[in-house]
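Secondary and tertiary structure notes
Residues per chain are reported as follows:
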Amino acid sequence: MTSISRASGKDGRISRIAGIIGRIVIGTVLLLMTGWGVLAIWFAKLSLPVRVMAASVYGFGMLLFPLFLRPRRRGIAAAIVLFALAVAWFFSISPSNNRDWQPDVAVLPSAEIEGNRIAIRNIRNCDYRSETDYTCRYYDKSLDLDKLRTLDLFLVHWGSPHIAHPMYSFGFDGGEHICISIETRKEKGEEYSSVKGFFRQYELTYVVADERDVVRLRTNYRKEDVHLYRVIAKPDLIRLVFLDYFKEINRLRDHATWYNALTTNCTTTIRRHVAPYNLDAKFDWRIIVNGTVDKMMYERGFLDRSLPFAELQRRSYINPVAQAAGEDAGFSQRIRQGLPGAGS
């Protein structure tokens, strides 16, 4: 009898512990569902009174249903239904190309490709007086795809060393470069927020620009730290990636897409352009926490390995030379002087 009682008591303790763990897990999941829904509603493009009322109703419903509806599983089921309605509403929100955009993202680029020629429309070349005071100008250019030779990576650190903004620049014979920056398309008066970036607040845009625009903006006006690396890749691979970029650029001209800070951002989107043509473009956590994506590329042999990485990184820092170059028509050539792997 004593052994049976001990076994029964042990089973009872295990059952109680399992019950506590189960309630903790369910409670944590419900809290996460509540937090996500409240933020999604709060950041929605709705009037403030509507957002306050909708977020309050949702939040209180998610918390109170499991507490007061009996049996408890009915309250949990009601909360799940409420969450499902919020998710359905969230994914019904459509992106748009028709908003009151900030001037630097108001004009969408596009391209026409015929044989070996590509005619690029609306290449941006802003005239900056300060970071926020500028005049946007655009020009068109026709290029020979057979003369596409190089691919360079600009890695821009604008805050945390763990997060960066990468930009690819495609080089043609004759010193011409087309730089493409994947960004959020912000409306007038709108600021970027990492949190909002998860909640369908910004459309995705590809800025096709002169390097004197997108690079000089960051080195000379925003004072962000910029490194420039020559990517080791064959011209046929570079061409495939370049054309894949413009396939998406043309699609975005006709069909807007949401930016997402985790899944559809400046780095994950670049990977989607590269991965189909490069079998070694396997996923790495540094694609998400992308401040050290240059080291990842170095380790995989995509950057010049004739130097230790620390030395390569030091020699690839271009802020001083970019600031000295200013508006020089030879800006692209000057920032590449002495660049490892890029020649003189």
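None of these values were measured; they are calculated from a predicted model. (Residues numbered from 1 in each chain as written. Predicted model: local features only at pLDDT ≥ 70, side-chain atom pairs only at ≥ 80, totals over all residues. Heavy atoms only, no water.)

Relative to strand S2 (residues 117-124), strand S1 (residues 110-114) runs antiparallel, the two sharing five bridges. Across the sheet, the residue bridging to Glu-114 is Arg-117, located in S2. Between S1 and S2, which follow one another and run antiparallel, lie two residues, and Gly-115 among them has a positive phi close to 60°. (Pairing = 2+ DSSP bridges. Helix = DSSP H or I, 4+ residues; strand = E, 2+ residues; numbered from the N terminus.)

Here we take up the pattern of salt bridges. A side chain with one charge can pair with a side chain of the opposite charge if their charged atoms come near. Evaluation of the coordinates by the stated rule reveals 22 salt bridges. Note that Asp-210 and Arg-212 form a salt bridge whose closest N and O atoms lie 3.3 Å from each other. The exposure class assigned to Asp-210 is buried, which follows from its relative accessible area of 11%. Residue classification places Arg-212 among the partly exposed positions, given a relative accessible area of 22%. Arg-251 is paired through a salt bridge with Glu-248; the nearest N and O atoms lie 2.8 Å apart. With Arg-251 and Glu-248 both in helix H5 (residues 235-254), this residue pair falls three residues apart, about one helical turn. Using a relative accessible area of 32% as the deciding quantity, one classes Arg-251 as partly exposed. (Salt bridge = Lys/Arg side-chain N within 4 Å of Asp/Glu carboxyl O. Buried < 20%, exposed > 50% of the residue type's maximum accessible area, 1.4 Å probe, protein only.)

Moving on: the confidence of the model for the protein. Counting all residues, the mean pLDDT for the protein is 90, and 94% of those residues have values of 70 or more. Helix H1 (residues 2-42) is the least confidently modelled element of the protein, averaging 77 in pLDDT, while S2 averages 98, the highest of any element. (pLDDT = per-residue confidence, 0-100.)

Under the criterion given, the structure shown has 16 aromatic pairs. Taking 6.4 Å as the distance between ring centres and 40° as the angle between the ring planes, the aromatic pair formed by Trp-36 and Phe-199 counts as tilted. Of this pair, Trp-36 sits in helix H1 while Phe-199 sits in the loop between strand S8 (176-185) and strand S9 (203-209), and the two are 163 residues apart along the sequence. Under the relative-accessibility criterion, Phe-199 is labelled buried at 7%. Put simply, the rings of Trp-36, Phe-43, Phe-83, Trp-89, Phe-90, Phe-91 and Phe-199 pair up and form one aromatic cluster. Stacked on the ring of Trp-42, the Lys or Arg Arg-51 has its end atom at 5.0 Å from the ring centre. Directly above the aromatic system of Tyr-298 lies the positively charged group of Arg-305, at a separation of 5.3 Å from the ring centroid. (Phe/Tyr/Trp six-rings, centres within 6.5 Å; stacked < 30°, edge-to-face > 60°. Lys NZ or Arg CZ within 6 Å of the ring centre and 35° of its normal.)

Moving on: helix H2 (residues 48-68). Its 21 residues place the ends of H2 29 Å apart at the C-alpha level, agreeing with the 30 Å of an ideal helix rising 1.5 Å per residue. Taking the largest bend as the criterion, H2 deviates by roughly 25°, centred on Gly-61. Residues of H2 that are buried include every one of Arg-51, Ala-55, Tyr-58, Gly-59, Gly-61, Met-62 and Pro-66, and no others. (Expected span 1.5 Å × (residues − 1). Bend = angle between axes of the 7 residues up to and from the residue.)

Orientation of H2 relative to helix H3 (residues 72-92), taken along the N-to-C sense of each, is 160°, at an axis distance of 7 Å. Viewed along their axes, H2 and H3 adopt a mutual orientation that is roughly antiparallel. In the crossing of H2 with H3, the sense of the turn from one axis to the other is left-handed. Residues Tyr-58, Gly-61, Met-62, Phe-65 and Pro-66 of H2 touch H3, and the partners they reach there are Arg-72, Gly-75, Ile-76, Ala-78, Ala-79, Leu-82, Phe-83 and Ala-86. (Axes fitted to C-alpha atoms, helices over the stretch in contact; angles between N-to-C directions. Parallel < 35°, antiparallel > 145°, perpendicular 65-115°, else oblique. Left-handed = near helix turned anticlockwise from the far one by under 90°. Contact = heavy atoms within 4.5 Å.)

Now for the pairing of strand S7 (residues 165-172). Buried residues dominate S7, accounting for eight of its eight residues. Side chains His-165, Met-167, Ser-169 and Gly-171 of S7 all project onto a buried face; the interleaved residues Pro-166, Tyr-168, Phe-170 and Phe-172 project onto the opposite face, where all are buried too. Judged from the eight bridges that link them, strand S6 (residues 148-157) and S7 form a sheet pairing that is antiparallel. Note on S7: the bridge partner recorded for Asp-152 is Ser-169. Sheet analysis places S7 next to S8, joined by five bridges and oriented antiparallel. Across the sheet, the residue bridging to Phe-170 is Ile-178, located in S8.

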